Amino acid sequence: MENAEMNVAAPAQKRGAFDMNLAEWRDFVQEDLKLPRYTADQICQWVYQKKVFDFRAMTNLSKALRERLPQLVDIALPRLAQRQVSQDGTRKYLWRLADGQYIESVLMDHGNRYTACISSQVGCPLRCTFCATGQQGFTRNLTAGEIVAHFIAMEADLGADINNVVFMGMGEPLLNYDNVIRAVRMLLEPKMRGLSVRHVTISTSGIPEYIRRLADEELGIYLCLSLHAPNNELRSRLMPVNEKFPLPQVLDALRYWQKKTGVRLTVEYVLLKNQNDMPECAYELVTLFQGLQVYVNLIPYNPVEGSRYSRPSASRITPFMNVLKKLGIECELRKEHGTDIDAACGQLRGRALN
Ligand code: SAH
Ligand code: SF4
């Protein structure tokens, strides 16, 4: 066995450990290394579950394999460029990718469980007017490996497993559909990270075609719609993407998604003072939800430097919430995390770019 391992020629370019899904890991060990496929399962267990990123420390692999693997596969985590830790335990990360680009992620501490807010793109092409990431424009999509690796790097930094993953960092996940779904499948795979489907959420500004595709995937993960306005006119002012995909199209796709999956839909609504926080807006919102089972998450705007928007006070938020409740809409005011650090996604990178 050891001799067979030693006869493998090194390819010109190393593979990325996080770029391979389980089937590809198994093909690699069987075809390139001529080893049984459970070797792949063992390696994935080291990387994804024990967070060991050095092949030489994988003690249940043969010595020859431990020496050979570093020449063939690169376990490249992104480099930590900056980390801010809030008084409430929220950690905000700025990661440097192999090509020098930066992405952000946030870790929220809910006492007995953690949630990671991760990115799908470097920047975002959709330019929502209240969003720090949107102001930076779009650079590129993340690869599936980069998505998975910055999550695993957060767990390694924390020294514990993170329970929930939400795609609410930089970028529009449904505009990087294939890589995001591939990353999700790797995180769900029991022999890799083994997250459960109800612990993964994709947040979208509403791309109808991909909402339908996601429904057809039958993954079982949660979906969040970033709604932020009860009508097309206001929504288009806040979110230019609404011009291309107006509300009726988005809501149709969501009804399809809910019919197909049976999973509750979460609606996010960022409260912007005097823009979308009037009680009339709450009344109007309810009419949109016909034929949908929704849960509304109200998020007080997280101020972004140089922005024309401001955060409403409790005296405006409470009446808004009361209207929704009176009309039978389940809703919650999102507990704020990391308000003493640059917790709105895009702010750390924005600062790094300036
Ligand atoms: N592009 C996707 C996912 C990333 S944004 C989306 O838009 O859904 C994640 C969430 O953060 C969205 O609901 C977005 O509207 C919200 N958000 C962006 N900037 C914010 C800010 N300054 N304060 C509060 N929420 C913000
Ligand atoms: Fe992009 Fe989401 Fe920011 Fe809009 S809110 S610009 S879709 S990241």
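What comes next is a walk through the structure. (Residues numbered from 1 in each chain as written. Chains lettered and ligands numbered in written order. Predicted model: local features only at pLDDT ≥ 70, side-chain atom pairs only at ≥ 80, totals over all residues. Heavy atoms only, no water.)

We now examine the pattern of salt bridges. For the structure shown, the criterion picks out 22 salt bridges. Between R83 and D157 there is a salt bridge, with its nearest N and O atoms 2.3 Å apart. Separated by 74 residues along the polypeptide, R83 in strand β3 (residues 79–85) and D157 in helix α6 (residues 144–158) bring together distant segments of the chain. In this structure D157 comes out as partly exposed when scored by relative accessible area, which is 24%. (Salt bridge = Lys/Arg side-chain N within 4 Å of Asp/Glu carboxyl O. Helix = DSSP H or I, 4+ residues; strand = E, 2+ residues; numbered from the N terminus. Buried < 20%, exposed > 50% of the residue type's maximum accessible area, 1.4 Å probe, protein only.)

Relative to each other, helix α12 (residues 279–288) and helix α13 (residues 314–326) sit at 25 degrees, their axes nearing to 8 Å. With respect to α13, the axis of α12 lies roughly parallel. Here α12 and α13 pass one another in a crossing that is right-handed. For the pair formed by α12 and α13, the contact residues are P279, C281, A282, Y283, L285 and V286 on the first element and F320, V323, L324 and K326 on the second. Classifying every residue of the contact of α12 with α13 gives nine nonpolar, no polar and one charged. (Axes fitted to C-alpha atoms, helices over the stretch in contact; angles between N-to-C directions. Parallel < 35°, antiparallel > 145°, perpendicular 65-115°, else oblique. Left-handed = near helix turned anticlockwise from the far one by under 90°. Contact = heavy atoms within 4.5 Å. Nonpolar A, V, L, I, M, F, W, Y, C, P; charged D, E, K, R; others polar.)

Our focus in this paragraph is helix α11 (residues 247–261). The end-to-end C-alpha distance of α11, which contains 15 residues, comes to 21 Å, matching closely the 21 Å that a straight helix rising 1.5 Å per residue would cover. Packed against the buried residues of α11 are α8 (208–217), β11 (222–226), α9 (232–238), α10 (241–244), β12 (265–271) and α12. Following α11 by one or two positions, G262 adopts a phi angle in the positive range, close to 70 degrees. (Expected span 1.5 Å × (residues − 1).)

End to end, α6 covers 22 Å across 15 residues, agreeing with the expected 21 Å (1.5 Å per residue, within 8%). For α6, the tally of buried residues reaches 13 of 15 residues, placing the bulk of the element in the interior. Just downstream of α6, G159 is the residue with a positive phi angle, here 75 degrees.

Let us now look at the site of ligand 1. Taken together, the neighbourhood of ligand 1 is formed by 19 residues, with G171, S203, S226, H228 and N302 sitting nearest. One nitrogen or oxygen atom from the side chain of S203 is found 2.7 Å from an oxygen atom belonging to ligand 1. For ligand 1, an oxygen atom lies 3.5 Å from a polar atom in the backbone of T204. Compared with its free state, where it exposes 530 Å², ligand 1 has 89% of that area covered by protein. The class makeup of the residues in the shell around ligand 1 is nine nonpolar, eight polar and two charged. (Near = heavy atom within 4 Å. Polar contact = N/O pair within 3.5 Å; in protein donor to acceptor, adjacent residues only side chain to side chain. Areas by Shrake-Rupley, 256 points an atom, 1.4 Å probe, with all protein chains shown as cover.)

The full set of residues close to ligand 2 is C124, L126, R127, C128, C131, G134, G171 and S205. When grouped by side-chain class, the residues that make up the shell around ligand 2 number four nonpolar, three polar and one charged.

Counting buried positions over the eight residues of strand β5 (residues 102–109) gives six, a clear majority of the element. With six bridges joining them, strand β4 (residues 91–96) and β5 adopt antiparallel strand pairing. If you follow R91 over to β5, its bridge partner there is L107. Between the end of β4 and the start of β5, which pair antiparallel, lie five residues, with G100 showing a positive phi angle near 90 degrees. The pairing of β5 with strand β6 (residues 114–117) spans four bridges and is classified as antiparallel. (Pairing = 2+ DSSP bridges.)

Turning our eyes to something else, we now look at the side chain of N297. Turning to its location among the elements, N297 is positioned in strand β13 (residues 294–300). For N297, a relative accessible area of 11% corresponds to the buried category. With sequence-adjacent residues up to four places away left out, N297 is seen in contact with T266, V267, E268, Y269, E332 and R334.

As a further point, take the side chain of N176. With respect to the helices and strands, the residue N176 is situated in the loop between β9 (164–167) and α7 (177–188). Classification of N176 by relative accessible area gives buried; the value is 4%. In this structure the side chain of N176 is engaged in a polar contact, spanning 2.9 Å, whose partner is the backbone oxygen of S120. With near-sequence residues (within four places) excluded, N176 lies in contact with S120, Q121, N141, L142 and I147.

This next bit is on the sheet that holds β4. With respect to topology, 10 strands assemble into an open sheet ordered β3-β4-β5-β6-β9-β10-β11-β12-β13-β14, the strand pairing being mixed. Lying at the two open borders of the sheet, with one neighbouring strand each, are β3 and β14 (330–333). Taking each pair of neighbouring strands and ignoring which way they run, the sheet shows an average axis angle of 20 degrees. In terms of strand pairing, strand β10 (residues 200–204) meets β11 through four bridges, oriented parallel. Bridge pairing in β11 places S203 opposite C224. Running over the sheet, α11 touches β11 and β12 and is turned about 165 degrees from β11.

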